[in-house]
Amino acid sequence: MIRRFCLHACVVSTSLALAVCTAAAAPSGSSQFTSKVDAVRVDVLAADNGRPILGLGPGDFEILDNGIPQQVELVSFDQIPLNVILALDMSASVSGDRLESLRNAGRGLVDGLAKSDQAGLITFSQRVRLGSALTGDASQMRYALDHATGTGSTSLIDGVYAALALGDSDAGRALVIVFSDGLDTSSWLTAQSVVEAAKRSDAVVYGVTVQSREKPEFMRDLTNATAGRLYEVEKTANLRSIFLGILEEFRHRYVVSYAPRGVTADGWHTLQVRLKGRKATVKARPGYFAGN
Amino acid sequence: MSASSKLLGGLVTVSILASPAVAGQIEPRLVPLTDARTARLEQWLKAVFHHRPGEADAAANMVASWSSPDMRALDHDEFALVQLMRHGDSVGPQFEFPNPPGKPILERYPPDRYRRIEVLACAAGGYVPGGAWRAGEKLPLLCEHVEAAVALDTELKQLAAAVYAGRMKGDHDDYILRRGALLQADVALLPSRPGTPLPVTAAPSLGAAVSLSISDGEGVMHNATAAIHLAFARSLLDQIVPPTEDGVDPKRDAMVRQWYVTTAAWMQQTQQYMTNHLAKARVMFPNDPHILFLSGCERETYATPAMQSAVRSASLPTGVDFEVGSDQSELRAAEGFFRDALVVKKDFPETRLHLGHVLLLRGRAADAVIELQQATTMFTDDQQLYYAELFAGAAFEATGQFDQARMAYARAAELVPAAQSPRLALSALDRKRGDRAAALSALRDVFALPVVDPSGDDPWWLYAMTQARNADALLADLRRPFLEQTP
């Protein structure tokens with residue numbers, strides 16, 4: 001049975017893909033965005049009773065940046081290629097049937113990608129490894145999945161960091177899917193620092209963990225911060241359907257762009273995204289960092 | 001770093017043992033002294049004589065097979081034996097057995113089998129006529145009537161002769177106590193059979209012990225006997241008469257101190273933690289810097305996420321408490337122990353290193369910088385220097401000194417070229433400063449690292465055991481004098 005944690009049910013929050021990293025363009029001493037070069041991209045899932053709402057345009061969205069209403073200029077739906085990064089736990093406990101389920105789930109995800117999409121693989125035991133760089137070559141990904149094996153302890157936090165950084169390495173929309181069956185036991189980076197890094201990244205993180213008595217606080221904070229979703233599963237036999245469900249949900253997100261006006265350029269910006277004139281569940285990042 | 005200190009395939013076994021105290025009594029209890037029980041005392045004496053310290057030999061395996069109730073009975077019988085050994089006819093058959101933290105337990109031995117205990121006491125004290133006994137030397141009255149040829153077999157006679165020889169060299173009658181402590185430590189700590197997982201609803205019997213095995217941060221409870229064997233070992237050493245003293249005073253005995261330091265290091269090397277073991281060591285040797293240092297390291301480990309989550313996730317039987325507090329309380333305790341160690345021994349760079357790490361975790365990065373910078377000037381060991389630079393980098397970063405942080409991380413990366421942690425730290429630092437290209441480049445360095453030792457390429461993975469990296473040498477030093485005497 002899958003217990004699904006819906007982190008933002010009935011709560012307006014915002015998911016942001018900060019498309020422009022040109023803080024250097026801001027004139028010294030001013031800290032205002034310049035409308036010519038700065039744009040903010042927000043990754044948004046809009047749903048009604050759990051079903052994605054389709055066919056929305058710029059006029060349907062309302063965005064508040066630090067409480068200031070913004071003009072939505074562009075809405076994209078399923079047009080921007082995806083960069084899907086799998087960050088998979090390959091510690092000693094991932095073996096036998098669990099390992100095979102995980103590989104099968106990865107293969108299923110790769111098969112579900114469009115031609116323009118790319119996928120990458122990060123594996124982590126105590127060591128973080130690049131199974132495959134971002135590639136459109138499905139056979140390369142399948143090879144990497146087939147040769148990933150479980151040994152050692154769990155550097156979940158380090159692994160997630162690597163996945164986030166890999167996701168930022170390309171201009172596409174980054175979806176990071178993290179699987180872990182245990183808790184972090186050997187990372188150097190701290191949970192707080194990687195959640196902060198996630199807030200600064202463009203990626204949306206979905207997490208899949210195996211149910212245990214200990215709550216996966218890091219994964220919850222991470223998926224919250226990026227407006228993803230956390231799945232806590234009892235068994236790993238149906239990982240494939242979960243991964244494909246994540247992919248399908250992600251494809252139903254909008255990328256809403258606007259050029260910030262009336263707000264300072266640097267620092268943390270809280271975002272609120274709503275649909276105009278209708279009741280809906282809107283899932284997006286709670287904010288974004290601008291500048292350094 | 002020895003093989004035993006490597007992470008074993010990601011499954012780290014940690015034993016945290018809690019033993020509920022046995023309640024004391026007022027009226028003496030009649031000891032159910034069966035033939036099996038007296039036979040076990042005799043077998044134990046022979047095991048002490050034959051055991052080769054450091055080996056899982058037949059003697060150790062036999063003692064390891066005894067149950068917890070067997071060991072508790074043996075503890076009492078051994079105490080009675082030593083009292084008889086030292087005080088002869090003036091003691092027994094009723095004895096008051098120490099039972100900390102509860103009241104002493106009064107037990108009376110039945111007369112019919114008590115005689116055998118007296119005979120064994122004479123063998124254990126070396127008071128056996130004939131053989132190596134010095135001509136003209138007076139035996140204790142208790143032992144005058146022991147007819148060795150009838151009452152003792154060859155092994156017990158040999159034991160008596162060995163005890164006597166030790167006494168002639170100035171070690172009083174501590175033979176079975178010292179060698180018994182080595183035997184019991186080997187039984188407790190040498191690699192052995194895994195425990196049986198405890199059902200969630202099980203409650204341990206009084207005086208039982210449980211251990212917590214940790215896998216991926218989850219805790220699984222087991223029945224465990226290591227605590228009982230070590231507790232017995234400690235009670236043996238509690239009865240030591242130091243060579244230069246006339247009465248029982250183990251706190252003045254060099255071998256006892258050495259035993260506590262060595263076993264504590266050994267336990268941390270093998271990631272077996274028993275809070276009361278070091279607690280007893282501190283009572284015995286409150287100003288020993290190494291015991292204080294290891295106490296701090298124990299608490300530092302208790303504060304780790306893996307330990308904290310394992311303790312939280314374990315289903316504890318009623319009445320059992322692992323005595324592991326919150327991460328912040330454990331870090332506070334660790335800091336206290338490290339500072340106490342530095343008061344006694346200022347030039348103790350490894351303590352400064354761990355203190356710096358603890359201060360960093362407590363959010364006192366500026367204080368951490370001071371300790372860690374001092375440690376870096378004192379280390380000659382590259383691995384310890386690596387830790388100091390890595391932690392200093394984190395401390396600098398936390399205080400906003402990013403350039404110094406970068407340099408410290410870079411030095412750590414240079415010290416251990418195969419380590420991923422400093423390179424991940426550099427990547428994350430670049431990313432924090434907005435330089436994503438540099439962050440990705442540093443991350444690619446991580447991906448390109450060679451795999452030389454899958455479980456040991458990055459010393460950070462082994463930090464929890466680094467303080468015990470000399471445990472093998474300590475064990476060799478502790479055992480050497482006794483190996484020379486082993487038959």
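See the structure shown above.
Note that the coordinates shown come from a computational prediction; the quantities given were computed from them, not determined experimentally. (Residues numbered from 1 in each chain as written. Chains lettered and ligands numbered in written order. Predicted model: local features only at pLDDT ≥ 70, side-chain atom pairs only at ≥ 80, totals over all residues. Heavy atoms only, no water.)

Draft legend 1. How the structure looks around the pattern of salt bridges. Per the counting criterion, the structure on display carries 48 salt bridges over all chains. Taking the shortest distance from any N to any O, the salt bridge between Arg173(A) and Asp43(A) comes out at 3.3 Å. In this pair, Arg173(A) sits in strand β11 (residues 173-180) while Asp43(A) sits in strand β3 (residues 40-48), placing the two residues 130 residues apart along the sequence. No difference in accessibility class separates Arg173(A) from Asp43(A), as the two residues are buried. The network of salt bridges with shared partners includes Arg86(B), Asp171(B), Asp173(B), Asp174(B), Arg178(B) and Asp253(B). (Salt bridge = Lys/Arg side-chain N within 4 Å of Asp/Glu carboxyl O. Helix = DSSP H or I, 4+ residues; strand = E, 2+ residues; numbered from the N terminus. Buried < 20%, exposed > 50% of the residue type's maximum accessible area, 1.4 Å probe, protein only.)

Draft legend 2. Inspection of the interface of chain B and chain A at higher detail. Facing the 40 residues of chain B at the interface are 38 residues of chain A. Here chain B meets chain A over a buried area of about 3200 Å², counting both sides, of which 56% is carbon and sulfur. Applying the counting rule to chain B against chain A returns four salt bridges. Put simply, the parts of the chain that give the side of chain B that touches chain A at least two residues each are α13 (305-313), α17 (382-398), α19 (421-432) and α20 (436-447) of chain B. Looking at the side of chain B that touches chain A, the element that brings in the most residues is α19(B), giving seven residues. Tallied by class, residues from the side of chain B that touches chain A come to 20 nonpolar, eleven polar and nine charged. (Contact = heavy atoms within 4.5 Å. Buried area = accessible area lost by both parts, 1.4 Å probe. Nonpolar A, V, L, I, M, F, W, Y, C, P; charged D, E, K, R; others polar.)

Draft legend 3. View of the pairing of strand β17 (residues 287-290) of chain A. Residue and element names in this part refer to chain A. Of the two faces of β17, the one lined by Gly-287 and Phe-289 and the one lined by Tyr-288 and Ala-290 are each fully buried. As paired elements, strand β15 (residues 267-275) and β17 share four bridges and run antiparallel to each other. If you follow Thr-270 over to β17, its bridge partner there is Gly-287. (Pairing = 2+ DSSP bridges.)

Draft legend 4. The arrangement of the packing of helix α3 (residues 156-167) of chain A against α20(B) in detail. At a closest axis distance of 10 Å, the pairing of α3(A) and α20(B) adopts a crossing angle of 130 degrees. In terms of their interaxial angle, α3(A) and α20(B) are classed as oblique. Here α3(A) runs over α20(B); the crossing is left-handed. Contact with α3(A), carried on its side by Tyr161(A), Ala162(A), Ala165(A) and Leu166(A), involves Ala439(B), Leu440(B), Leu443(B) and Phe447(B) of α20(B) and no other residues of that element. (Axes fitted to C-alpha atoms, helices over the stretch in contact; angles between N-to-C directions. Parallel < 35°, antiparallel > 145°, perpendicular 65-115°, else oblique. Left-handed = near helix turned anticlockwise from the far one by under 90°.)

Draft legend 5. Examining the packing of aromatic side chains more closely. Taken as a whole and judged by the stated rule, the model has 21 aromatic pairs over all chains. Taking the centre distance of 5.1 Å and the plane angle of 65 degrees together, the rings of Tyr387(B) and Tyr463(B) count as edge-to-face. Here the residue Tyr387(B) occupies a position in helix α17, and Tyr463(B) occupies one in helix α21 (residues 463-466), the gap between them amounting to 76 residues. Classification of Tyr387(B) as buried rests on a relative accessible area of 0%. Members of the aromatic cluster, connected to one another through ring pairs, are Trp188(A), Tyr386(B), Tyr387(B), Phe391(B), Trp460(B) and Tyr463(B). Lying over the aromatic face of Phe348(B), Lys345(B) brings its terminal NZ or CZ to 5.2 Å of the ring centre. (Phe/Tyr/Trp six-rings, centres within 6.5 Å; stacked < 30°, edge-to-face > 60°. Lys NZ or Arg CZ within 6 Å of the ring centre and 35° of its normal.)

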